[in-house]
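So you can see what is in the structure, the chains are spelled out below.
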Amino acid sequence: MWHRVIYIGLFVLVFLFSYAMGQSGIKAEGLKISSPAFENNGHIPPKYTCDGANVNPPLKIENVPSNTKSLALVFDDIDAPRGTYVHWILWNIDPNIKEIKENSVPEGAVQGMNDFRKPNYGGPCPPRRAHKYVFKIYALDTLLNLNPNLAKKDLEKAMEGHIISRAQLKGLYNRN
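Bear in mind that the values here come from a model prediction, so they are computed numbers and not experimental data. (Residues numbered from 1 in each chain as written. Predicted model: local features only at pLDDT ≥ 70, side-chain atom pairs only at ≥ 80, totals over all residues. Heavy atoms only, no water.)

1. Structural notes on the confidence of the model for the protein
Chain-level statistics for the protein give a pLDDT mean of 88 and a share of 84% at 70 or above. Counting contacts from residues 5-28, a segment whose pLDDT is below 50, to residues more than four positions away or on other chains yields 1 contact. (pLDDT = per-residue confidence, 0-100. Contact = heavy atoms within 4.5 Å.)

Encoded structure:
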């Protein structure tokens, strides 16, 4: 008898919890960024660094929210001596894009100024020990009307209040 009451009680709790999760808008899978060239928290191959071809790695973008109007991408060295060092920024990436191909910029996307003072990809090039790098993808509810000569801080300010979702891919690189 008590077992039946406990089972019914658990069933009701599971049902209510499942219902509440559905009502809150929480999704099992959110925005995701990955690369076939390296795993999250893995080593970035030299090809994508200053020691190789210095081209961007291929990136896969999944689970973009349906109300996304554009994507933005920031690639930072988070172990730089003076804080972060910006290696690449892109905005107004088409939200229907599924990947950014190696050594390419998606059609229609705008590249901003990196900390090398260039509007392009600059691969990892740590002066000494291994550094951590992060590709951050943002789903935005708007297109951004920004000057291509702007830097990361300007992009971040323009994105304020417009970020629907975000994801990141981390990698390591050490010059040998």
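2. Observations concerning the nonpolar core
By size, the foremost hydrophobic cluster in this structure holds 25 residues, and its most contacted members are Leu-73, Trp-88, Ile-100 and Phe-135. Looking at this core, the elements with two or more residues in it are β3 (59-62), β4 (70-80), β5 (83-93), β8 (131-140) and β9 (163-173). No other element matches the 4 residues that β8 contributes to this core. Filtering out sequence-adjacent residues up to four positions away, Leu-73 remains in contact with Ile-33, Leu-59, Trp-88, Ile-89, Leu-90, Ile-93, Ile-100, Phe-135, Lys-136 and Ile-137. Judged by nonpolar contacts, the second largest core, of 12 residues, contains Leu-140, Leu-144, Leu-155 and Met-159. (Core = buried A, V, L, I, M, F, W, Y, C linked by side-chain atoms within 4.5 Å. Buried < 20%, exposed > 50% of the residue type's maximum accessible area, 1.4 Å probe, protein only. Helix = DSSP H or I, 4+ residues; strand = E, 2+ residues; numbered from the N terminus.)

3. Re the sheet that holds β8
Within a sheet, neighbouring strands are paired by backbone hydrogen bonds and run either parallel or antiparallel to one another. Read across the sheet, 6 strands follow the order β2-β9-β8-β4-β5-β7 without closing on themselves; strand pairing throughout is mixed. Whereas interior strands pair on both sides, the edge strands pair on one side only; in this sheet they are β2 (42-43) and β7 (110-111). Of the pairings in the sheet, the one linking β8 to β9 comprises 10 bridges and is antiparallel in character. If you follow Ala-139 over to β9, its bridge partner there is Ser-165. Against the sheet, helix α2 (residues 152-159) contacts β4, β5, β8 and β9, and its axis sits at roughly 55° relative to β5. (Pairing = 2+ DSSP bridges. Axes fitted to C-alpha atoms, helices over the stretch in contact; angles between N-to-C directions.)

4. Considerations on the state of the cysteines
Summed over the entire model, instances satisfying the criterion amount to 1 disulfide. Across the disulfide from Cys-50 sits Cys-125; the S-S distance is 2.1 Å. Judged by the torsion about the S-S bond (80°), the Cys-50/Cys-125 disulfide is right-handed. Linking Cys-50 in the loop between β2 and β3 with Cys-125 in the loop between β7 and β8, this pair joins segments that are 75 residues apart in sequence. Owing to a relative accessible area of 29%, Cys-50 belongs among the partly exposed residues under this scheme. (Disulfide = S-S within 2.5 Å.)

5. Focus on the environment of Ile-89
One can find Ile-89 in strand β5. The class of Ile-89 is buried, set by a relative accessible area of 0%. Expressed as a C-alpha distance, the spacing of Ile-89 and Ala-72, which sit 17 residues apart in the sequence, is 7.5 Å. Once residues lying within four places of it in the same chain are set aside, the contact partners of Ile-89 are Leu-73, Val-74, Val-110, Gln-111, Gly-112, Met-113, Leu-150, Ala-151, Lys-152 and Leu-155.

6. Some thoughts on the pairing of β4
Counting buried residues in β4 gives 10 out of 11 residues, a clear majority hidden from the surface. As defined by bridge partners, β4 adjoins β8 across 8 bridges and the pair is classed as antiparallel. Counterpart to Leu-71 in the pairing with β8 is Ala-139. Bridge count between β4 and β5: 7 bridges; the pairing is antiparallel. If you follow Asp-76 over to β5, its bridge partner there is Val-86.

7. Regarding the packing of aromatic side chains
What the rule picks out here adds up to 6 aromatic pairs. For the ring pair Phe-75 and Phe-135, a centre distance of 3.9 Å and an interplane angle of 10° mean the geometry is stacked. Taken together, the positions of Phe-75 in strand β4 and Phe-135 in strand β8 put the pair 60 residues apart, joining distant regions of the chain. Here Phe-75 matches Phe-135 in class, with each residue buried. Ring geometry for Tyr-85 against Phe-116: centres 5.1 Å apart, planes inclined by 70°, an arrangement best described as edge-to-face. Placement of the pair is Tyr-85 in strand β5 and Phe-116 in the loop between β7 and β8, with a sequence separation of 31 residues. Overall, Phe-116 belongs to the partly exposed group, its relative accessible area being 35%. In textbook terms, an aromatic cluster arises when at least three aromatic residues are bridged by ring pairs, as seen for Phe-38, Phe-75, Trp-88, Tyr-121, Tyr-133 and Phe-135. (Phe/Tyr/Trp six-rings, centres within 6.5 Å; stacked < 30°, edge-to-face > 60°.)

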